[in-house]
Amino acid sequence: MEMDGLDFLNSPPLKTVRFGGSVVETLTKYRQGDSSDYELLKHQLADPEIKDAQIISWLQEFRSCVTQLNKDHEQLIYTVLRLPWVSRSQAVVEEYMTFLSNLVSAQTVYLCSCLKMVVSHFTPKRVTICEGGVDISDSDDEDDNLPRNFDRCHQALQLITRYVPATSRFLMPIVQENFPFVQKSSRTLECYVHNLLRMTVYIPSIRRDVLEVIIGKMLKLDVSGSPVNQSALWGREGEKSQFIFNFESNDQPPNTTVMAHPVAERLDTLMAVMMSYIKDVCHVNGSVHVERTKELYKDLLSVFDKLILPTHGSGHVQYMHFYLCSFRLALAEAFLDHLWKILQSPSQPAVLRQAAAGFMGSFLARAKFVPLPTVRACLDLLLSWIHRYIDSQDSSGRQACCDISLHGSFYSACQAVFYTLIFRHRGMLEGNMKKGLEYLQSLNLERVVMCQLNPLKVCLPLVTNMFAAITRKYQVVFCYSIIERNNRHMLPVVRSSAGGDSVTTNTNPLDSFFPFDPYLLKSSGQLIEPLYQVWEELADSELLPAKIGQKGSREDEDDFLCGEIPQSEGIVGMTPSSYDSNLRSPSSVGSPPFSYQKPF
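Residues numbered from 1 in each chain as written. Predicted model: local features only at pLDDT ≥ 70, side-chain atom pairs only at ≥ 80, totals over all residues. Heavy atoms only, no water.

The name recorded for the chain in an unreviewed UniProt entry is RRN3 homolog, RNA polymerase I transcription factor, from Scophthalmus maximus. Turning to the chain, the UniProt annotation filed under Sequence similarities (unreviewed entry) states: "Belongs to the RRN3 family." (UniProt positions renumbered as here; feature names shortened; annotations may be inferred.)

This is the structure we're talking about:
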């Protein structure tokens, strides 16, 4: 008998082995107060070693009595929903899907539970690995069956949607609740986002909400955590290269294949998934499908207005709009028109109007696919509005002052114009210098820089000095006398407690943000690179005014062209005159100290 017992334990069963009565009998006994078989059934269903034949047999029985499986039996149903059906044989999968269809049709009370179960399979299953004697739970990224398993999940979800048309209403809260923490592995995040996007193909009504959830999580990645400098991002030790908005001599990242910073790696992965999705939705047989592209543009623009535009300091997420706009000029022009309407609208909050100006200037400067006629048309709109703004100030009879809280949109529009001209002036002048100069002179930039509102005093020094150097070279407008006057009229010298004089100045009063600064994510960046206008350095003769060439300015120029950030808000121990002599040259004015640092 003992040997028989050992044989029984060690040999595989020849047929399905189960204990207790049928599901119908078990439910009947449970209603009569006898729960022994009921608990045995739950225990057997939860057995990790459960065989395919057992699963099929039970599912068939559950289907025959599905009308009895009301809310009283939710613990039993939850056990059935935890069955490992996704990774089992095709016969199990088919039987399970039939069961799900019957269940949600007969007992809608279990709809959300079924949806949660399917969504829980959108990421690789968790496994426990031992590292240094410590058990660590992580996703099983090496599972070769993941694509097949995901296919099965989407088949199940499509079935449920077919039987319960209201499914989409209940799906979004579940999707949000189950979104993996952004600290999870890149693979986990990639799988989940990919599956959410795949859902939008057969449940199009939830696409905008899905995009909003995904982009919201990506923005948290983009701006989260303590600032990490560029060398940390790219894994180059011993280099110091914190990066802000910069006219960069090193616009392009080194040719590495793996992001060194885990946050950057996760964001890079998600940006690649998003841009792949955008391309697939918008293209049919290699050509842009106008209607599908237009609909996706509307959804993404809605998310842009709600999440991206109000978020200060995101460095990459907005590039999915940049990428989409590259498909058709009409999209780029629609995006610019949208930004323009926000900028000029008095009903919009000032912070959004300023952000819209930043996006407009940065997009015009950096998007290679925006042709010069469109750039000129946008400059005409901006300058026309700027001149009307100046007119209204002049006609008011009041002395205008540099009040950013009152005139922030004006200053942001001016900075957008200066920034665009810095990047696009060569294109305007190449081909036909005379015609190009006539156009630049027609903008009446001199009136802008000389108006009482004094935009050169408020805009980022790096921008004003580059703009001054370029406009001086082509004798379009002369800015240096105004810049020097602005530098002389700094805040009064304050005697510090430590002795000596100190001057404190905010070099970025507009809190400037250039959303299309260089894209630093390696993998997804391959799609952006051919569309992106890098900064082309000016020669020293273009940068420096004739009478200025202070000692040390060349070194300072290298610093700011590489994106170095001054590490102090104040200049200590200087009188206004010495402060002036140090900041007069366009090559020696650095970027703002702490107002914006990218997260990596």
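A separate point is the packing of aromatic side chains. Scanning the model with the defined rule gives 29 aromatic pairs in all. Measuring from centroid to centroid gives 5.2 Å for Phe322 and Phe369, while their planes differ by 70°, and the two rings are edge-to-face. Taken together, the residues span a long stretch of sequence, with Phe322 in helix H15 (residues 319-325) and Phe369 in the loop between helix H17 (350-366) and helix H18 (372-396) at a distance of 47 residues. Here Phe322 falls in the buried class, since its relative accessible area comes to 0%. (Phe/Tyr/Trp six-rings, centres within 6.5 Å; stacked < 30°, edge-to-face > 60°. Helix = DSSP H or I, 4+ residues; strand = E, 2+ residues; numbered from the N terminus. Buried < 20%, exposed > 50% of the residue type's maximum accessible area, 1.4 Å probe, protein only.)

Next up on the list: the pattern of salt bridges. Enumeration over the complete set of coordinates arrives at 17 salt bridges. A salt bridge links Asp299 to Arg207; the shortest N-O distance between them is 2.8 Å. Here Asp299, found in helix H14 (residues 290-308), pairs with Arg207, found in helix H11 (residues 207-223); they are 92 residues apart in sequence, far enough to count as distant. Residue classification places Arg207 among the buried positions, given a relative accessible area of 14%. In this structure, Asp391 engages Arg447 in a salt bridge whose closest nitrogen and oxygen atoms are separated by 2.4 Å. With Asp391 in helix H18 and Arg447 in helix H21 (residues 445-450), this pair connects stretches of sequence that are 56 residues apart. Overall, Arg447 belongs to the partly exposed group, its relative accessible area being 27%. Shared partners join several salt bridges into a network, and the residues in it are Lys29, Asp34 and Asp37. (Salt bridge = Lys/Arg side-chain N within 4 Å of Asp/Glu carboxyl O.)

Two numbers describe how helix H4 (residues 52-64) lies on helix H6 (residues 90-106): the axes approach to 9 Å, and their chain directions differ by 20°. Classified by the interaxial angle, the pair formed by H4 and H6 is roughly parallel. The hand of the H4/H6 crossing is left-handed. Where H4 abuts H6, its residues Asp52, Ile55, Ile56, Leu59, Gln60, Phe62 and Arg63 lie against Ala91, Val92, Glu95, Tyr96, Thr98, Phe99 and Asn102. Among the residues making up the contact of H4 with H6, the classes are represented as 8 nonpolar, 3 polar and 3 charged. (Axes fitted to C-alpha atoms, helices over the stretch in contact; angles between N-to-C directions. Parallel < 35°, antiparallel > 145°, perpendicular 65-115°, else oblique. Left-handed = near helix turned anticlockwise from the far one by under 90°. Contact = heavy atoms within 4.5 Å. Nonpolar A, V, L, I, M, F, W, Y, C, P; charged D, E, K, R; others polar.)

So, on to the side chain of Gln415. Of note, Gln415 is situated in helix H19 (residues 404-429). Those residues in contact with Gln415 that sit more than four places away from it in its chain are Cys459, Leu460, Val463, Leu510, Ser512 and Phe514.

A separate point is unusual backbone geometry. Its identity is not glycine, yet Asn285 carries a phi of approximately 55°, on the positive side. Its place among the elements puts Asn285 in the loop between strand E3 (283-284) and strand E4 (287-288). Among the residues examined, Asn285 registers a relative accessible area of 79% and is labelled exposed. Despite not being glycine, Asn444 shows a phi value in the positive range, around 55°. Here Asn444 is to be found in the loop between helix H20 (433-442) and H21. Judged by its relative accessible area of 36%, Asn444 is partly exposed.

The next subject is helix H2 (residues 23-31). Three or more residues of H2 are buried, namely Val23, Thr26 and Leu27. Looking straight down H2, one finds its buried side chains confined to an arc of 100°; they lie on one side. Buried residues along H2 sit in contact with helix H3 (36-45), H4 and helix H5 (74-81). One or two steps after H2, the chain reaches Gly33, where phi turns positive at roughly 100°. (Arc of directions from axis to C-beta.)

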